[in-house]
Amino acid sequence: MDAQITELFQPVHTLIGKGSINEIPRYISSIGVKKALIITDEGLCKIGTPKKITDVLEKNGCIYEVYSKVQPNPTVAIVNDAVSYFKEKGCDYIIAIGGGSPIDVAKAVSILSANGGKIEDYAGYDRSQRAGSPIIAINTTAGTGSEVTRAYVVTDELRKVKMLMVDGNCLAFLAINDPELMVGMPHSLTASTGMDALTHAIEAYVATGSNPYTDSLAIGAIKLVGDALRTAVRVGSDIKARTDMCWAEYMAGYAFSNAGLGIVHAIAHQLGGYYHTPHGVANAILLPHCMEFNRPYCMERMGHIAMALGTDITGMSADDASKAAVQAVQQLSHDINIPYLTSTKFNLNDVEILAENALKDASMPTNPVQPTKEQIVEVLVKAYSDGLVRNIIESV
Ligand SMILES: [Fe+2]
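From a predicted model like this one, the values you see are computed outputs, not experimental measurements. (Residues numbered from 1 in each chain as written. Predicted model: local features only at pLDDT ≥ 70, side-chain atom pairs only at ≥ 80, totals over all residues. Heavy atoms only, no water.)

**A short note on the packing of aromatic side chains**
The geometry of two aromatic rings is summed up by the distance between their centres and the angle between their planes. Per the counting criterion, the structure on display carries six aromatic pairs. Pairing Tyr 213 with Tyr 254 gives two aromatic rings, centres 5.5 Å apart and planes at 80°, and the pair type is edge-to-face. A residue pair is termed long-range when its members are at least 10 positions apart, and Tyr 213 in helix α7 (residues 212–234) and Tyr 254 in helix α8 (residues 239–259) qualify at 41 residues. In this structure Tyr 213 comes out as partly exposed when scored by relative accessible area, which is 41%. With 5.5 Å between their ring centres and 50° between their planes, Phe 346 and Tyr 384 make a pair best called tilted. Taken as a pair, Phe 346 in the loop between α12 (318–335) and α13 (351–360) and Tyr 384 in helix α14 (residues 373–395) lie far apart in primary sequence, 38 residues in all. Ring-pair connections join several aromatic residues into one group, and the members of that group are Tyr 274, Tyr 275, Phe 346 and Tyr 384. Against the face of Tyr 274 rests Lys 160, its NZ or CZ located 5.0 Å from the ring centre. (Phe/Tyr/Trp six-rings, centres within 6.5 Å; stacked < 30°, edge-to-face > 60°. Helix = DSSP H or I, 4+ residues; strand = E, 2+ residues; numbered from the N terminus. Buried < 20%, exposed > 50% of the residue type's maximum accessible area, 1.4 Å probe, protein only. Lys NZ or Arg CZ within 6 Å of the ring centre and 35° of its normal.)

**Section: the coordination of the iron ion**
Taken together, the protein donors to the iron ion comprise Asp 196 (OD), His 200 (NE2), His 265 (NE2) and His 279 (NE2), at separations of 2.2 to 2.3 Å. Relative to the metal, the four donor atoms surrounding the iron ion lie at angles of 82 to 170°, and the coordination shape comes out irregular. All donors of the iron ion come from a single chain, and their spacing in sequence reads D-x3-H-x64-H-x13-H. Here His 200 and Asp 196 lie together in helix α6 (residues 187–206), a separation of four residues that amounts to about one turn. Take Asp 196: its relative accessible area is 2%, and that puts it in the buried class. (Donors = N, O, S within 2.8 Å, 3.2 Å for Na, K, Ca; no water. Tetrahedral: all angles 85-135°; square planar, octahedral: opposite > 155°, others 65-115°.)

**With respect to empty space enclosed by the protein**
For the coordinates displayed, the defined rule picks out one cavity of 30 Å³ or more. By volume, the largest cavity amounts to about 50 Å³. What lines the largest cavity is Ile 202, Glu 203, Val 206, Val 264, Leu 287, Cys 290, Met 291, Asn 294, Met 302 and Asn 367. Within the residue set of the lining of the largest cavity, elements represented by two or more residues are α6 and α10 (279–294). The leading source of residues in the lining of the largest cavity is α10, at four residues. Within the lining of the largest cavity, the residues separate by chemical class into seven nonpolar, two polar and one charged. (1 Å grid on protein atoms, 1.4 Å probe; cavity = no way out; pocket = protein on both sides within 12 Å on 5 of 7 lines; lining within 4 Å. Points joined across faces, edges and corners; volume = space filled by probe spheres on them. Nonpolar A, V, L, I, M, F, W, Y, C, P; charged D, E, K, R; others polar.)

**Overview of the pattern of salt bridges**
In total, this model carries 17 salt bridges according to the counting rule given. Close ionic contact of Arg 230 with Asp 335 constitutes a salt bridge, the shortest N to O distance being 2.7 Å. Remark: Asp 335 occurs in helix α12 and Arg 230 occurs in helix α7; sequence separation between them is 105 residues. The shortest N-O distance in the salt bridge between Asp 319 and Lys 323 comes to 3.3 Å. Pair noted here: Asp 319 and Lys 323 are both in helix α12, with a separation of four residues, about one helical turn. For Asp 319, a relative accessible area of 28% translates into the label partly exposed. Overall, the relative accessible area of 33% leaves Lys 323 in the partly exposed class. One salt-bridge network, in which partners are shared between bridges, spans Glu 292, Arg 295, Asp 319 and Lys 323. (Salt bridge = Lys/Arg side-chain N within 4 Å of Asp/Glu carboxyl O.)

**Looking at the packing of α6 against α12**
Relative to each other, α6 and α12 sit at 170°, their axes nearing to 12 Å. If you check the angle between α6 and α12, you find them roughly antiparallel. As for the relative orientation of α6 and α12, their crossing is left-handed in sense. Mapping the contact onto sequence places Met 195, Leu 198 and Ile 202 in α6 and Val 329, Leu 332 and Ser 333 in α12. (Axes fitted to C-alpha atoms, helices over the stretch in contact; angles between N-to-C directions. Parallel < 35°, antiparallel > 145°, perpendicular 65-115°, else oblique. Left-handed = near helix turned anticlockwise from the far one by under 90°. Contact = heavy atoms within 4.5 Å.)

What follows is the structure, encoded as structure tokens:
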């Protein structure tokens, strides 16, 4: 396509707000599908989230099967198992219920069921030929943005890398953000998924693929996270804060799906692939250190981020305003108890291979500057040292 033309990607339909799940049946009848495969995980089944949706389906005569074996950081093996189940049960569309992992598996099943082959064939940009099987993506966390994006991640357990697929053929037919599904989310999950949303917005705002539309969504999302995340973590039943985080994560998801990501996600994918570090935790730990690295290349925009997070930058130099953005993110992480890199399974001996793989990650090309391997190693060492220092401070 001509470089001067911007193509925008989004779900066909979106519902945001309390009670949205009750509207699902009319969208199902509009596309004439017959049998759903619900893709979810055991943790959500235990707390009864999928039942809230199956009650709606049953009341309206919609038939379905359930696949609930999805794990965090889903693997090629899980994807293959889910695709086999989809075919064996004669399903023709997917209802994904969950955070990023079930929705990512749903996108992989959608593409593979319509295009054949194996998931490794689709790593990278727009590798499929045909539209995937329809997806209704019901988000249960306010972070990944997976219900809105054309991106999904699958872990190749043999190579210990996360493959990123970016494909317009896997966009949801219907995306749902119902804050009532999120009120029971544990504090730590609310915090880490909220920081994932913030990372999407910040990376999209400084990405080389940004445009005026994604800029407005990204800055709006940053402001919403700054205003609502602390309350959503502290008072999980606060529907206003939960609804604001739904908007923030959706807007941030839209922004990064169209503008691209950057160095934070490129490194975070490696921490997930190597140590199964939860995605939001990895992003939250890396975010201030990567902002510090990027700062000289997008100083003015960093100042806008500081303002969106509530810092008055009047009278500050561009350098100080950009530093204030980093400090505001550090303060937010501290306030919501994000762990340090030293509390994860990260091993300093792996930094070389982690950096090499991060350079190859599909999130990296839209970072404002392309780092060297040594610079990525430096970011990881700084994040680790920061954890050590903070542990010492907290122990005295
Ligand atoms: Fe993310």
